[in-house]
Amino acid sequence: MWKLLAKFVLKFRLFLLIILLALTGLMAYFASKVQISYEFAKAIPTDNPKYQQYLSFREKFGEDGNLLVIGVQTDKFFELNTFNSFNKLTAELKTIPHVEDALSVSSAVNLIKDTATQKLTSVPIFSKTISSQQELDSSKNVFFSLPFYKTLLYNPESSAYLIAIRINKVALASSLRTEIVNNIIVKANAFTAATKIETHLSGLPLIKTLVADRIKREMKWFLLGSLALSAIILLIFFRSVSTMFLSLSVVLTGVIWSFGILFLFGYKITLLTALIPPLIVVIGVPNCIYFLNKYHSTYKASNNKEQSLIDMVSKMGVVTLFCNLTAAIGFAVFALTKSAILKEFGAVAGISIMMIFVISFILLPAVLSYLSPPKKSQIKYLDNPWLTGLLLKIEQWVMHHKKIVYGATVIILAFAIMGVLKLRSEAFMVEDLPETDKIYSDLKFFEKNFKGVLPLEIVVDTKERNGIRKRGLEVFEKIDSLSQYVSQQKEMARPLSIAEAMKFLKQASFDGDTANYLLPNTSDFMVMSGYFKFKKDSSQKNGLTNLVSSFIDTANQSTRISINMADVGTVRLPEILNGIKTRADQLFDTSKYNVQLTGGSITFLEGSKFIIEGLKQSILWAFLLIALCMLYLFKSIRILFCSLIPNVIPLIVTAGIMGWVGIRLKPSTVLIFSVALGIAIDVTIRFLVNYKQELPQHNNNVIKTVSETIKHTGLSILYTSMVLIAGFIIFCFSGFGGTQALGWLTSLTLLVATLTNLILLPVLLLAGTKDKRETGV
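In this text the structure is predicted, and so the values were computed from the model without any measurement.

**Concerning the pattern of salt bridges**
Then, number 1: For the structure shown, the criterion picks out 20 salt bridges.
Then, number 2: Salt-bridge contacts for Lys-711 lead to Glu-395; the nearest nitrogen and oxygen are separated by 4.0 Å. Here the residue Lys-711 occupies a position in helix H25 (residues 702–729), and Glu-395 occupies one in helix H13 (residues 385–400), the gap between them amounting to 316 residues.

Next up, the structure:
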């Protein structure tokens, strides 16, 4: 069948090339429409209860992740020039398009009791222009008399101050977010230049935007880097510019198709899908090497160009098909998970890898048929003395040192398993960024001075319409007790809730007396009732009623407790949440109240769990499907086990090294195993197919066949392994720790897989051969 396909491709080469070129042009048009994602892809399934709770929260109270914060730390904050510069910064931030508000010390308000109208008037504490230090000191004293702002806008112990910037959520979901964030950064840098005070910026809008923009930049550099590296390796191997450009045209066509497929599926570029184009280059180049290696070796033996092309397609077509199929399975199994981010990556990567096979199957023989036969200099690499010598040494080890091979394998496995036992599973929201990165260091600044900026929300549902109004003080007391418990957690900031608003209201009602910053009792409500009403549609709103409006839903049934917290990781976070939930159950009667924990921190935790579990499942699926492919290809249980053992060992070794060096199992590192398995099995397939083809030619003499397979297939295996390893090494230059880990750990896995397939696999094939013959595989 493969010979017929080879003749078909060569006979209709021009027609096939025109069709391929036309379809590639169409895919290039689609590729130009691909957009970058400005939101973290949904890691958590949309039907997950925690995600549904999060959506319900956003419907009632709005977006929880649209705050960007700017922080400074200085003892000179309340010096006139410094404060006026900070005041100017706050005012300028409000003028940036799509910035809805900027709250800081300089824009803080006080509530003044108006006995004539029995209303509270919202009055700025600081004037827009302050002309004297005496005026500033007077306003400062008023500000410090309001406990409501303490730890929310400033930390008196560390002299740290912040600006909370609320950005329009619609603009945040669009490409406008980059311009908005950059404008904010420009304003912050101008403040630093004027005052010599360093500014720190953080919050989900900033983190998401800067990460998305870095992904876009890295994707371009990785793609260019992988192409440049591939070009250099191909030029060194084949000593032919035309062969190099032919191979690059194959992988570039594959890259265009991968972008086009991404668009046709309706997906955007994310941290994971950005890896697909360079991966296509890394996987596509070995296709070219195997095809060209077979073409050159056959031409060297026969000096017949047409027959060499037919042999290239007929003999390497099935091998490359199954190699690409197993590699595609290694990626496509991610589409079987429940995580959207993995589904997108798996579907596009799997289809793109199969397309690179189709492209190479058509493009290589068709174009080679138009080119001149290879020159002697182009096939000189087939007699590389260094690699030939290495393969002869490998042959000696396989034939004469089997016990040493087995012994070394056992020792390495034992060492690796000890490391596997040390593996921990834990993820952090920004852990893939290096500690020296400003995003990371600024986040730690806010964790140190304000206990973090990552959002956690507690929703208290009274289970009845107007329940907040009816139960009043009872609800406030319970919320205050729960807030006090939360405040005691070292990783969590003081919560902001309706209870804090009521304390502020009481202080204002009692003429600003700091001693009255307390939760009002029943008698206090009698005094305060004229100054405050729970109406969201009030015609005269003050700052406090605006605050209350954002913390109570329209039905007066539910209220929220907003908390900022540190990036504590997926191990500590469940402990904190369980503690809060336990305390909430003690305070709130479950027959009268429903208390839910939600927000960005919760969805991150659930998403990380789903990604890790999904990746673990994908490894099992990849293993099973690849095993079925191997069984179909070789139709032998013995060969199946011989093929799987050399590919399981590299995975165990990699996991062991991760355990020994302290690399945790997290979404970015679990990804490595199924990817590496799908790619590494290619080496096994190429070796075993060649072994199967050579066996009848040597009268089923296993020893002779293994020896010849090492010599003939080993060379192309070494070349392609070098390409794959070098290709993945490129990812080590990423600014994201997860991508770096993908690079060097996958390269390590492929290196070990090359050794096990060239040394251990032949030893396993020789095991149990009594008369040095075998009737088949």
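There is more to say, and it comes next.
**Digging into the side chain of His-296**
Then, number 1: If you trace the backbone, His-296 turns up in helix H10 (residues 276–302).
Then, number 2: Setting aside residues no more than four positions away along its own chain, His-296 makes contact with Phe-238, Pro-374, Gln-378, Ile-379, Tyr-381 and Leu-382.

**A closer look at a nonpolar patch on the surface**
Then, number 1: Side chains of Phe-8, Phe-12, Phe-15, Ile-19, Leu-23, Leu-26 and Tyr-29 sit close together on the surface and give an oily, nonpolar patch of about 680 Å² of accessible area.
Then, number 2: Tallying contributions element by element places helix H2 (residues 13–31) first for the nonpolar patch, with five residues.
Then, number 3: Looking at where Leu-26 falls in the secondary structure, it is placed in helix H2.
Then, number 4: Residue Leu-26 is classed as partly exposed on the basis of its relative accessible area of 42%.

**Looking at the nonpolar core**
Then, number 1: In terms of nonpolar packing, the biggest core is built from 255 residues, with Tyr-149, Ile-165 and Ile-184 touching the most fellow members.
Then, number 2: When neighbours within four sequence positions are excluded, Tyr-149 is seen to be in contact with Ala-108, Val-109, Ile-125, Phe-143, Tyr-154, Arg-494 and Phe-504.

**Some thoughts on the confidence of the model for the protein**
Then, number 1: Chain-level statistics for the protein give a pLDDT mean of 85 and a share of 94% at 70 or above.
Then, number 2: Within the protein, strand S7 (residues 200–202) carries the highest mean pLDDT (95), whereas helix H20 (residues 543–551) carries the lowest (60).
Then, number 3: Long-range and interchain partners of residues 533–544, a stretch whose pLDDT sits below 50, account for 22 contacts in this model, where long-range means more than four residues apart.
Then, number 4: When the criterion is pLDDT under 50, residues 771–777 qualifies, and its contacts beyond four places in sequence or with other chains add up to 22 contacts.

**Quick notes on the side chain of Ser-202**
Then, number 1: Within the fold, Ser-202 resides in strand S7.
Then, number 2: When sequence neighbours within four positions are dropped, the list of residues in contact with Ser-202 reads Leu-67, Leu-68, Val-69, Ile-207, Asp-442, Leu-443, Phe-446 and Val-453.

**Some words on the pairing of strand S6 (residues 160–167)**
Then, number 1: In terms of burial, S6 is largely enclosed, as seven of its eight residues are buried.
Then, number 2: In this structure, strand S1 (residues 67–73) lies alongside S6, joined through seven bridges in antiparallel fashion. Across the sheet, the residue bridging to Leu-67 is Arg-166, located in S6.
Then, number 3: Where strand S2 (residues 99–103) and S6 come together, four bridges link them in antiparallel fashion.

**Side note on unusual backbone geometry**
Then, number 1: Here Lys-196, not a glycine, exhibits a phi torsion of approximately 65°, which is positive.
Then, number 2: Checked against the element boundaries, Lys-196 lands in the loop between helix H7 (176–195) and S7.
Then, number 3: A positive phi is found at Lys-635, a non-glycine position, where the angle reads about 50°.

**Observations concerning helix H21 (residues 569–587)**
Then, number 1: Taking 1.5 Å per residue, 19 residues should reach 27 Å; H21 reaches 27 Å between its end C-alpha atoms and fits that length.
Then, number 2: Of the residues making up H21, those classed as buried are Gly-569, Thr-570, Leu-573, Pro-574, Ile-576, Leu-577, Gly-579, Ile-580, Ala-584 and Leu-587.
Then, number 3: Looking at the packing, one finds that the buried side of H21 touches strand S8 (454–461), helix H17 (473–487), strand S10 (558–565), strand S11 (594–598) and helix H22 (600–634).

**Quick notes on the packing of aromatic side chains**
Any two aromatic rings considered together are summarised by their centre-to-centre distance and by the angle between their planes.
Then, number 1: A complete count under the given rule lists 35 aromatic pairs for this structure.
Then, number 2: Residues Phe-265 and Tyr-267 carry aromatic rings whose centres are separated by 5.6 Å and whose planes lie at 35° to one another, so their mutual orientation is tilted.
Then, number 3: Here Phe-265 falls in the partly exposed class, since its relative accessible area comes to 37%.
Then, number 4: Residue placement shows Lys-506 over the ring face of Phe-510; its charged tip is 5.9 Å from the ring centre.
Then, number 5: Sitting over the ring of Tyr-290, Arg-686 keeps its end group 3.1 Å from the ring centre.

Thresholds applied
- Residues numbered from 1 in each chain as written.
- Predicted model: local features only at pLDDT ≥ 70, side-chain atom pairs only at ≥ 80, totals over all residues.
- Heavy atoms only, no water.
- Salt bridge = Lys/Arg side-chain N within 4 Å of Asp/Glu carboxyl O.
- Helix = DSSP H or I, 4+ residues; strand = E, 2+ residues; numbered from the N terminus.
- Contact = heavy atoms within 4.5 Å.
- Patch = residues over 30% accessible without salt bridge, like charges linked within 9 Å, V, L, I, M, F, W, Y side chains within 5 Å.
- Areas by Shrake-Rupley, 256 points an atom, 1.4 Å probe, with all protein chains shown as cover.
- Buried < 20%, exposed > 50% of the residue type's maximum accessible area, 1.4 Å probe, protein only.
- Core = buried A, V, L, I, M, F, W, Y, C linked by side-chain atoms within 4.5 Å.
- pLDDT = per-residue confidence, 0-100.
- Pairing = 2+ DSSP bridges.
- Expected span 1.5 Å × (residues − 1).
- Phe/Tyr/Trp six-rings, centres within 6.5 Å; stacked < 30°, edge-to-face > 60°.
- Lys NZ or Arg CZ within 6 Å of the ring centre and 35° of its normal.

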